[in-house]
Amino acid sequence: MFVIIAGGGKVGGQLARDLMAERHEVVVMESNPGKARALQDEIGDAVVPHDASEGRWLIDAGIGRADLLIAVTGDDEDNIVICQLGEALSEGRARTITRINNPKNSDTFRTLGIEAIVNATDLVMTMIERDVSVAPVVHLMRLRSAGLELVEMTVAEGSAADGSTPEELRLPEQGGRISVILRNGEAVLPSPTTRLHAGDSVVLVAQTEFEEALGRQFAAPTIV
Amino acid sequence: MYAIVIGCGRAGAEIASRMCEQGHSVVVIDRDRAAFHRLSDGFAGTTIVGHAIDEDCLVSAGIERADAVIATTYGDNSNLIAVQLARKRFKVKRAIARVKDSVRASAFERLGFETIPSTTIVGDAFEQVLGWEPHQPNGSAENGS
């Protein structure tokens, strides 16, 4: 997977290290020369020392072929515009996630129709940062306006999900989209062919009406 | 027309003063009270100290009954957020953002937002004065590049 990270601060740098350790291709964009240089010393050529909301640099960084754009600069307005710009420049190809720095802004961003992305990521980040507790289905939050739920499900041994890929489970057809897999305390960004294993925690956005059906695929088989 | 001008730099002060002269009702918002000195002497509109994307500030400026929002702050991203709020949250008919970055301007034009791509406009003006053909804007990413 090719990932562009906008913002080379604490969160951006850590994300870059984690993703590179998992053999993903990563580019970090950081406009502060000092921060960019410090990161360059560590991860080399993968740093573009420019503002990601500046269109030409985002194109230069490879947004045209990016699978994922993660905006984690310290400025909420910048993060939102970077994601919107990335979606536009990649013609919708790149998935984008961002975080809210100032919770005061969450209402504002919700009105812009980017609630799921913003809040989901915020929670995903928090979950990555702390140890994720194991629970069958945890409602992370209800995304009412969109008719969506953000849920965390744990893959039970012997369940339909155990050993299957999101594609085989036909998740997209059921309105489900996996945002992140938390495996042994580490975050794995899934592709349609990533195989799930018992014990994985899966954070997924699901349409409310399909949530129960999705939950059954992750639950242990009942003995009749 | 009832218009809100966000940002009272040179461009904001210019358009606010012009609109006022043409008999429109104008409210100007800027973070810095000192910025309002740029308005023309005859400016008869209202000034508010506040932030571009603060909804409370926009409401007190009367955005709910505004016919137009013109975002001219120094920051392209603030302007783009302000026009999105105006259009989506407050259903303002015309919301126009000054955007210096040409690529960002054309991308948001394609997303359906009105922009004034100031750098492109200045570039075109220079070309015109020099008698050259205006250049073709190139704002889309090349896939696979």
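Just so you know, these numbers come straight off a predicted model, no measurement behind them. (Residues numbered from 1 in each chain as written. Chains lettered and ligands numbered in written order. Predicted model: local features only at pLDDT ≥ 70, side-chain atom pairs only at ≥ 80, totals over all residues. Heavy atoms only, no water.)

## Examining the overall build of chain B
Thought 1: A tally of helices and strands in chain B yields five helices and six strands.
Thought 2: Order of helices (α) and strands (β) in chain B, N terminus to C terminus: β-α-β-β-α-β-α-β-α-β-α.
Thought 3: Looking at the 145 residues of chain B, the share that counts as buried comes to 48%.
Thought 4: For chain B, the proportion of contacts with a sequence separation of at least 24, taken over those separated by at least 6, is 47%.
Thought 5: For chain B, the exposed area adds up to about 7,800 Å²; of that, 51% sits on carbon and sulfur atoms. (Helix = DSSP H or I, 4+ residues; strand = E, 2+ residues; numbered from the N terminus. Buried < 20%, exposed > 50% of the residue type's maximum accessible area, 1.4 Å probe, protein only. Contact = heavy atoms within 4.5 Å. Areas by Shrake-Rupley, 256 points an atom, 1.4 Å probe, with all protein chains shown as cover.)

## A word on the sheet that holds strand β5 (residues 95-98) of chain A
Residues and elements named next belong to chain A.
Thought 1: Read from one edge of the open sheet, five strands run β3-β2-β1-β4-β5, paired in parallel fashion. Taken across any chain shown, the strands that pair with only one partner, and hence form the sheet edges, are β3 (47-48) and β5.
Thought 2: Here strand β2 (residues 25-29) pairs with β3 via two bridges, running parallel. Each residue of the ladder has a partner; that of V28, found in β3, is V47. (Pairing = 2+ DSSP bridges.)

## Considerations on the confidence of the model for chain A
Residues and elements named next belong to chain A.
Thought 1: With 80% of its residues at a pLDDT of at least 70, chain A reaches an overall mean of 78.
Thought 2: Here residues 115-124 is a poorly scored stretch, pLDDT under 50, and it has 31 contacts once near neighbours within four places are set aside; other chains count.
Thought 3: Of the regions scoring below 50 in pLDDT, residues 126-145 engages in 45 contacts with residues more than four places distant in sequence or in other chains. (pLDDT = per-residue confidence, 0-100.)

## Overview of helix α7 (residues 211-218) of chain A
Count 3.6 residues to each turn of an α-helix, and residues three or four apart come out pointing the same way.
Residue and element names in this part refer to chain A.
Thought 1: Among the residues of α7, E211, L214, G215, Q217 and F218 are the ones counted as buried. The buried residues of α7 occupy one face: seen down the axis, they fall within an arc of 155 degrees. Turned more than 90 degrees away from the buried face of α7 sit E212 and R216, all of them exposed. (Arc of directions from axis to C-beta.)

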